[in-house]
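Each chain is listed here by its residues.
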Amino acid sequence: MKHARSGIGKIQKATGAGSLFSAHPSRADTFTESVIREMTRLALAHNAINLAQGFPDFPCPGELKIAASEAVRNDHNQYAITWGAKNLRDALSVRVKKFNGMDFDPETEITVTCGSTEAMMASMLAIIRPGDEVIVPEPFYENYGPDAEISGAVPKYVPLAGDFSIDEEAWKKAVTRKTRAIILNTPNNPTGKIFTKSELSFIRDLCVENNLVALTDEIYEHIVYDGKKHISLGLLDGMEDRTVTIGSFSKTYSVTGWRVGYALAGEELTARIRKIHDFLTVGAPAPLQQAAVAALALPDSYYHGLAEEYDRKRHILFDGLKKAGFSCELPDGAYYIFTDIASFGKNDVEFARHLVEKIGVAAVPGSSFYHKGGETKLRFTFSKKDETLHDACTRLEKLS
Ligand code: GLN
């Protein structure tokens, strides 16, 4: 039960001793449902403002709505090619070359998936043999724990340093004969950390020396602040054929419910990923893949505007949290603030419960991002309308 956590509400059902199938445990018993998504259900139940799950409460660009409606009207309603509609893979290849500087052949190196969630899961299933070890920097996005359990990987959690930089000695020590892959998330959820060129070079050296695959989740690549730059690990010399770069339309275009993401990798890895993807989901929603083509045609000004909007939201929430007595830093990227709550005298789960029930604001308990620990942390998202954030900050003032 490596990843079993208690869950915050009463929603999570026990599959332990005494249940009908307790004599027949399965891998589903080794982890709980997502606490992030559970918090959304609790927010709804308590009519609280949802600063827990990272999704926008504002509309996506109008161009995408039109393109999605037209795709349905124009009968793009049957399966797309399993690994993604050709025009979407072609457009992705151009976009990734322009923004990330990497070359991917749309015919053999790009797989369109049901969100980055499936991209990560399919990639792990494609690469891991049960028992293989996978390095996971901690804190980490909660999906990676269950992803490891489902794929049979043995996660080796390596704590980031206090400032969330890489502790090189700890990483080197974590690698064994059984290590197969490293999971990286930059810009990072929940910390906002953007891994630097020199940190990425260190990871590259570790991967090359030990013949490891890097699975890099770059879903927040366009949400960066203060002139910081996102660099794709796959761009570094020696990483071309040993990196799976995972991206998505969800956060960049505010369409988290569309479930369209992608995995970019060299031909050998892609061939494996495509097979797993094919039998897992057959493909991502066909009309929304057509709308994703329209998203990729948006001008550069769209991306600048997105980062500017999130910068403003970042400051609204940061100021509100500070005023309410939270200890926190401005993140460099992504759209979360990872706070320290030690001064409030409650652990993360108790405090999250108090916030959602009594204050009317939902956040994610810090322990969701650690295999052990995190009880002094709480994560808030600022992927919400300014007015939603202002309302939440007003409610949080009741704490101080
Ligand atoms: N990435 C978002 C978060 O961390 C949402 C995750 C999800 O529910 N798929 O909150």
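First, a word on what this report is: a plain description of the structure on this page. No experiment lies behind these values; they were computed from the predicted model shown.

Scoring rules and cut-offs
Residues numbered from 1 in each chain as written. Predicted model: local features only at pLDDT ≥ 70, side-chain atom pairs only at ≥ 80, totals over all residues. Heavy atoms only, no water. Salt bridge = Lys/Arg side-chain N within 4 Å of Asp/Glu carboxyl O. Pairing = 2+ DSSP bridges. Helix = DSSP H or I, 4+ residues; strand = E, 2+ residues; numbered from the N terminus. Axes fitted to C-alpha atoms, helices over the stretch in contact; angles between N-to-C directions. Parallel < 35°, antiparallel > 145°, perpendicular 65-115°, else oblique. Contact = heavy atoms within 4.5 Å. Nonpolar A, V, L, I, M, F, W, Y, C, P; charged D, E, K, R; others polar. Near = heavy atom within 4 Å. Polar contact = N/O pair within 3.5 Å; in protein donor to acceptor, adjacent residues only side chain to side chain. Areas by Shrake-Rupley, 256 points an atom, 1.4 Å probe, with all protein chains shown as cover. Buried < 20%, exposed > 50% of the residue type's maximum accessible area, 1.4 Å probe, protein only. Right-handed = clockwise from strand over helix to strand, strands pointing away. Left-handed = near helix turned anticlockwise from the far one by under 90°. Phe/Tyr/Trp six-rings, centres within 6.5 Å; stacked < 30°, edge-to-face > 60°. Lys NZ or Arg CZ within 6 Å of the ring centre and 35° of its normal. Core = buried A, V, L, I, M, F, W, Y, C linked by side-chain atoms within 4.5 Å. Arc of directions from axis to C-beta.

Summed over the entire model, instances satisfying the criterion amount to 19 salt bridges. Beyond isolated ion pairs, a larger network of salt bridges with shared partners links K86, R89, D90 and E107.

The next thing to look at is the sheet that holds strand β11 (residues 364-365). One open sheet accounts for three strands, arranged β9-β12-β11; its pairing is antiparallel. Of all strands in the sheet, those with a lone pairing partner are β9 (336-340) and β11, marking the two edges. For β9 and strand β12 (residues 377-381), the ladder comprises five bridges, and the chain directions are antiparallel. Each bridged residue has a counterpart across the sheet, and for F338 the counterpart in β12 is R379.

As a further point, take the packing of helix α10 (residues 300-323) against helix α12 (residues 386-396). α12 packs onto α10 with a crossing angle of 5° between their chain directions and a minimal axis gap of 9 Å. Our classification of the angle between α10 and α12 gives roughly parallel. Between α10 and α12, the contacting residues are R312, K313, I316, L317, G320 and L321 on the first element and D386, L389, H390, C393 and L396 on the second. When grouped by side-chain class, the residues that make up the contact of α10 with α12 number six nonpolar, two polar and three charged.

Within the structure, the ligand sits among I36, R37, Q53, G54, Y141, N189, Y220, K251, Y336 and R379. For the ligand, an oxygen atom lies 2.7 Å from a polar atom in the side chain of Q53. Within the contact set of the ligand, an oxygen atom lies 2.9 Å away from a side-chain nitrogen or oxygen of N189. Coverage of the ligand by the protein chains reaches 87% of its 300 Å² of free accessible surface. Tallied by class, residues from the shell around the ligand come to four nonpolar, three polar and three charged.

Attention shifts here to helix α9 (residues 286-296). Here α9 lies mainly inside the structure; nine of its 11 residues are buried. Residues A286, P287, L288, Q289, Q290, A291, A292, A295 and L296 constitute the buried set of α9. Those residues of α9 that are buried lie in contact with α2 (62-73), α3 (86-100), β2 (110-113) and α10.

Two elements, strand β3 (residues 133-138) and strand β4 (residues 154-159), share six bridges in a ladder whose sense is parallel. Looking at β4, one finds that V136 is bridged to Y157. In this view, the connection linking β3 to its parallel neighbour β4 by way of helix α5 (residues 144-151) has right-handed handedness.

Moving on to the packing of α3 against α9. Contact geometry of α3 with α9 gives a least axis separation of 9 Å together with a crossing angle of 25°. Judged by the inter-axis angle, α3 sits roughly parallel to α9. Between α3 and α9 lies a crossing of left-handed hand. In contact with N87, L88, A91, L92 and R95 of α3, α9 contributes Q289, Q290, A292, V293 and L296. Of the residues that constitute the contact of α3 with α9, the class distribution is six nonpolar, three polar and one charged.

Quick look at the packing of aromatic side chains now. Counting across every chain of the model gives 21 aromatic pairs. Aromatic side chains Y302 and Y303 sit 5.4 Å apart centroid to centroid with 80° between the ring planes, which places their arrangement in the edge-to-face category. Side by side, Y302 and Y303 carry an identical accessibility label, which is buried. Its end group placed over the ring of Y303, R95 keeps NZ or CZ at 4.1 Å from the ring centre. When the ring centre of F195 is taken as origin, the NZ or CZ atom of K193, which lies over that ring, is 5.2 Å away.

Attention now moves to the nonpolar core. Soluble globular proteins: nonpolar side chains tend toward being buried together. Of all hydrophobic cores here, the largest spans 64 residues; its most connected members are F249, Y253, F326, F380 and L396. Ranked by residues supplied to this core, first place goes to α10 with eight residues. In this structure F326 touches L321, T339, D340, I341, F344, F351, L378, F380, L396 and L399, once residues within four positions along its chain are discounted. Listed in part, the 38 residues of the second largest apolar core include V35, V134, Y144 and L269.

This brings us to the environment of V260. Residue position: V260 is located in the loop between β7 (243-248) and β8 (261-264). Between the alpha carbons of V260 and G283 there is a distance of 9.5 Å; along the sequence they are 23 residues apart. Beyond its immediate stretch of four places on either side in the chain, V260 contacts L88, V112, T113, G115, S248, F249, S250 and L288.

On to helix α11 (residues 348-359). Looking only at α11, the buried set comprises D348, F351, A352, L355, V356 and I359. Looking straight down α11, one finds its buried side chains confined to an arc of 125°; they lie on one side. Those residues of α11 hidden inside the fold are in contact with α1 (35-45), β10 (361-362), β11, β12 and α12. Two residues or fewer after α11 comes G360, characterised by a positive phi angle close to 85°.

This paragraph deals with the side chain of Q289. Turning to its location among the elements, Q289 is positioned in helix α9. Residue classification places Q289 among the buried positions, given a relative accessible area of 1%. Q289 has contacts with A80, G84, A85, L88, V112 and A284, leaving out every residue within four places of it along the chain.

Taken together, the seven strands give an open sheet; going across it, the order is β2-β8-β7-β6-β5-β3-β4, and neighbouring strands pair in mixed fashion. Either end of the sheet is taken by a strand with one partner, and the two such strands are β2 and β4. When the angles between neighbouring strand axes are averaged without regard to direction, this sheet yields 20°. Examined bridge by bridge, β3 and strand β5 (residues 179-185) share three bridges and lie parallel to one another. When the bridges of β5 are listed, E133 appears paired with T179. Contacts from helix α8 (residues 267-281) reach β2, β5, β6 (213-217), β7 and β8 within the one sheet, and its direction differs from that of β2 by about 25°.

Structural measurements only, silent on function.
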